[in-house]
Amino acid sequence: MMQNCKLLARSVDFFYGAHQALYDIHMEFQENRVTALIGPSGCGKSTFLRCLNRMNDLIPGARVQGEILLDGKNVNDPKTDVVSLRREVGMVFQKPNPFPKSIFENVAYGLRVNGMKKISAIRDKVEESLRRAAIFDEVKDRLHFSALELSGGQQQRLCIARALAVDPQILLMDEPASALDPIATQKIEEGIHELKNRLTIIIVTHNMQQAARVSDRTAFFYMGKLVEENSTEAMFTRPELKQTEDYITGRFG
């Protein structure tokens with residue numbers, strides 16, 4: 001096992017009913033590193049991402065086999081508290097999904113759910129989370145305006161702030177910039193660089209350039225299998241398998 005391994009997936013198979021979507025996935029994720037999952041649509045990368053905090057539990061007939069260990073504890077253990085798991089392993093989705101509340105209350109929501117009552121503490125944490133998501137300066141005078149009035153890129157950074165407010169150890173990002181323009185995308189990517197000082201980040205992306213820019217390690221998925229994984233530099237300059245090279249250079253996918 002790698003040093004500083006935060007999360008370990010071991011022999012993970014995943015099924016939607018009778019259909020098998022993932023085959024024998026083994027991956028390790030180190031603390032304070034960004035790992036990009038790449039591969040064509042339908043290859044299993046988002047399904048795998050959702051296994052890591054049991055988001056697939058919400059799908060009827062879905063089942064997972066194998067082990068996913070967070071700090072050595074199996075997240076699929078029946079005794080695992082799924083709410084606290086998703087606090088530890090936060091998620092940002094492809095499409096921004098702010099609550100129909102104020103900007104402030106979007107970020108404060110998780111704090112209140114987790115029992116924080118002191119308004120000064122909530123205020124401080126909201127500001128800190130918005131700063132970490134690189135959006136505070138844009139919204140500091142509008143905290144009590146509706147989050148739905150923000151641009152798409154701002155809404156996505158607000159969703160990142162909302163996930164950060166409860167101090168997760170891991171942040172899952174499923175194509176977080178695919179719906180955004182290049183300037184908003186750049187802000188998200190700059191935020192990822194800052195965030196990895198305190199978090200482990202796993203990002204699904206279709207964008208090869210984005211994977212190359214933001215990640216330390218890259219894993220290539222195809223047809224539900226992990227084909228190759230290595231440091232991002234090695235994957236993009238000297239992949240071991242021709243299939244990986246063909247995908248990265250745009251010959252298929």
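That block above? That's the structure.
Keep in mind that this is a model prediction, so the values were computed, not measured.

Strand order across the open sheet formed by six strands is E6-E7-E8-E3-E9-E10, with mixed pairing between neighbours. Whereas interior strands pair on both sides, the edge strands pair on one side only; in this sheet they are strand E6 (89–92) and strand E10 (225–231). Direction aside, neighbouring strands of the sheet carry axes that sit 20° apart on average. Examined bridge by bridge, strand E3 (residues 34–38) and strand E8 (residues 200–204) share four bridges and lie parallel to one another. If you follow threonine 35 over to E8, its bridge partner there is isoleucine 202. Its contacts with the sheet place helix H7 (residues 182–195) against E3, strand E7 (170–174) and E8, and it is angled at close to 150° to E8.

Another aspect to go through is the state of the cysteines. The tally for this structure, following the rule as stated, stands at zero disulfides. Residue cysteine 51 stays outside any disulfide, its sulfur separated by 13 Å from that of cysteine 43, the closest cysteine. Cysteine 51 sits in the buried class, given a relative accessible area of 3%.

Here is what the cut-offs are and how they apply
Residues numbered from 1 in each chain as written. Predicted model: local features only at pLDDT ≥ 70, side-chain atom pairs only at ≥ 80, totals over all residues. Heavy atoms only, no water. Pairing = 2+ DSSP bridges. Helix = DSSP H or I, 4+ residues; strand = E, 2+ residues; numbered from the N terminus. Axes fitted to C-alpha atoms, helices over the stretch in contact; angles between N-to-C directions. Contact = heavy atoms within 4.5 Å. Disulfide = S-S within 2.5 Å. Buried < 20%, exposed > 50% of the residue type's maximum accessible area, 1.4 Å probe, protein only.

Without other data, these values stay purely geometric and don't point to any function.
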